[in-house]
Structures are given as structure tokens and as C-alpha cells.
Amino acid sequence: MTDEELWRTGIDALACEYRALPPTLRERVAELAERVKEAKQALHDCVTAVNVGAICADCRGECCARGKNHVTVIDLLVCLVEGRELVVPSFSHDICPYLGENGCQMAPPYRPFTCIIFNCDRVEGLMGRSEKDRLYKAEHRLRALYGEFEKLFGKRFMAGLLIICERDLVRQGSTLLGVGNRVIKES
Ligand code: SF4
Ligand code: SF4
């Protein structure tokens, strides 16, 4: 399968699996999704507070050169919960498929975990002790929330949608969320 086909197969399957979740599980997913968005926004605020605009503009987005496997099932679930339109990737070029003309196509609360926690040395160098503390606390919160998602479904999701789609759907004929294969813990 091409990346385009894997993406399409993956998001169609994820939307179906999400809709088929028991209501109590969907509620828990929605609750976690809300907290994930808040933690991502908090991380973004830590960075914008030190005025990185000029540095990032000058560097022209070096850290967005590769990102094909950064979008995870969890990042997509956060969008599905609120019926938000999903990012439209372009796999026809050699840079991150989610990069648009004006930067990342995803707003900060919806950006992949790997992207939202990353700051290069130039950006971290602008931060004082208290700003770094705030940043690390927000990252810790976000990491814990992704862990909660994985605990909820009893599955690792950090590998990225395309990889999980190829492994679980295409090769194993399984599901993305693991629902249907076994009983999900709803705690
Ligand atoms: S975070 Fe660093 S590598 Fe990424 S765009 Fe900004 S300056 Fe460039
Ligand atoms: S997903 Fe967005 S933030 Fe992440 S590498 Fe791609 S364009 Fe950059």
C-alpha cells in the first residue's frame, strides 16, 4: 500500500471504530481528549511566551522536515471526538506531509505529541528557569495523558497511524483500537 492508501484506510477504520465504542468509553475518550488539548496549548504558550517567532522564521522550520509518522491514533481521536475535520496530508513531496504553506496545518492543541513537545536548543536557550519548569510540567502532564489513553485501550499508539495501520489492519487483519479483539477496560 502507498502512504496515501494507508492514511485513507487508517482514518476510515479509526472513524468507524470510534463510532462503535461503547458510550461510557467514548465519554472517557472525550474527557482525556479535552485534557490533551489543554496540555498541548499550555506547551505552545510556554514557547510563544519567549517570542520564538523570529528564530523559527529565520530557520524556516527545520524541525518540520520529517513528520510522516508523527500523527498518532491519539492525535486523531482528539479531532474525531469533536467532529473536527482531519488534516489533509500530501505525500507527494519529501518534507512533512502535514506542512502547509503557512506552517503546520494543525493548530497547536491538535498537533502530534512529538511535534508539540519538541524545542530545539535555540528555542530552549531563550527560556529562563521558571519558563523551563513550566514547559517540563506541561510535557509531563501530556505524556501522562497519552499513557492514560494507552492504558484505556491496552495498546501502544505512539508509533504513528501509518505504521499501526500497516501492522495491525493490513498485516494482522486486526483493529486500530483493539476493540472487538478483546474486552476493553473502562476504568
Ligand atoms: S523550533 Fe528550532 S528547528 Fe524548529 S522551526 Fe523553530 S528554530 Fe527551527
Ligand atoms: S506535523 Fe506539523 S509540526 Fe509536526 S513536523 Fe509536520 S508540519 Fe511540523
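Residues numbered from 1 in each chain as written. Chains lettered and ligands numbered in written order. Predicted model: local features only at pLDDT ≥ 70, side-chain atom pairs only at ≥ 80, totals over all residues. Heavy atoms only, no water.

Considerations on the overall build of the chain
A tally of helices and strands in the chain yields eight helices and two strands. Each helix and strand of the chain, ordered N terminal to C terminal, gives the series α-α-α-α-β-β-α-α-α-α. Taken over the C-alpha trace, the chain has a radius of gyration of 17 Å; the compact-globule value for 187 residues is 16 Å, and the two agree within 12%. The burial tally for the chain puts 42% of its 187 residues in the buried class. For the chain, long-range pairs separated by at least 24 residues make up 76% of all intrachain contacts whose partners lie at least 6 apart in sequence. Carbon and sulfur atoms make up 51% of the accessible area of the chain, which amounts to about 10,300 Å² in all. Averaged over its 26 positive side-chain charges, the chain has a centre that lies 4 Å from the centre of its 27 negative ones. (Helix = DSSP H or I, 4+ residues; strand = E, 2+ residues; numbered from the N terminus. Rg over C-alpha atoms; globule rule 2.2 N^0.38 Å. Buried < 20%, exposed > 50% of the residue type's maximum accessible area, 1.4 Å probe, protein only. Contact = heavy atoms within 4.5 Å. Areas by Shrake-Rupley, 256 points an atom, 1.4 Å probe, with all protein chains shown as cover. Lys, Arg positive; Asp, Glu negative; His and termini not counted. Charge placed at Lys NZ, Arg CZ, Asp CG, Glu CD.)

Examining the site of ligand 2
Every residue lining ligand 2 is accounted for by Cys64, Arg66, Cys96, Tyr98, Leu99, Cys104, Met106, Pro112 and Cys115. Counted by class, the shell around ligand 2 contains eight nonpolar, no polar and one charged residues. (Near = heavy atom within 4 Å. Nonpolar A, V, L, I, M, F, W, Y, C, P; charged D, E, K, R; others polar.)

Comments concerning the confidence of the model for the chain
Considering every residue of the chain, the mean pLDDT works out to 91; 96% of them sit at 70 or more. Ranking the elements of the chain by mean pLDDT puts helix H3 (residues 53-59) last with 82 and helix H4 (residues 73-81) first with 97. Note that residues 182-187 has pLDDT below 50 and, in this model, 15 contacts with residues that lie over four places away or in other chains. (pLDDT = per-residue confidence, 0-100.)

Focus on unusual backbone geometry
Although it is not a glycine, Asn51 adopts a positive phi angle of roughly 60°. Structurally, Asn51 is set in the loop between helix H2 (23-48) and H3.

Quick word on the site of ligand 1
Around ligand 1, the neighbouring residues are Ile55, Cys56, Cys59, Gly61, Glu62, Cys63, Cys120, Arg122 and Val123. Looking at the shell around ligand 1, the elements that each hand over two or more residues are H3 and helix H6 (121-124). Take the shell around ligand 1: its biggest share by element is three residues, from H3. A class-by-class count of the residues in the shell around ligand 1 yields six nonpolar, one polar and two charged.

Focus: the nonpolar core
Membership of the largest hydrophobic core comes to 55 residues, with the highest contact counts inside it found for Trp7, Leu77, Leu142 and Phe153. With 10 residues, the top contributor of residues to this core is H2. (Core = buried A, V, L, I, M, F, W, Y, C linked by side-chain atoms within 4.5 Å.)

Concerning the side chain of Arg28
Positionally, Arg28 belongs in helix H2. The buried category is assigned to Arg28, whose relative accessible area is 18%. At 2.8 Å, the side chain of Arg28 forms a polar contact with the side chain of Glu31. (Polar contact = N/O pair within 3.5 Å; in protein donor to acceptor, adjacent residues only side chain to side chain.)

Details of the environment of Lys137
You can see Lys137 is positioned in helix H7 (residues 129-153). Spatially, the C-alpha atom of Lys137 lies 26 Å from that of Glu27, the residues being 110 residues apart in sequence.

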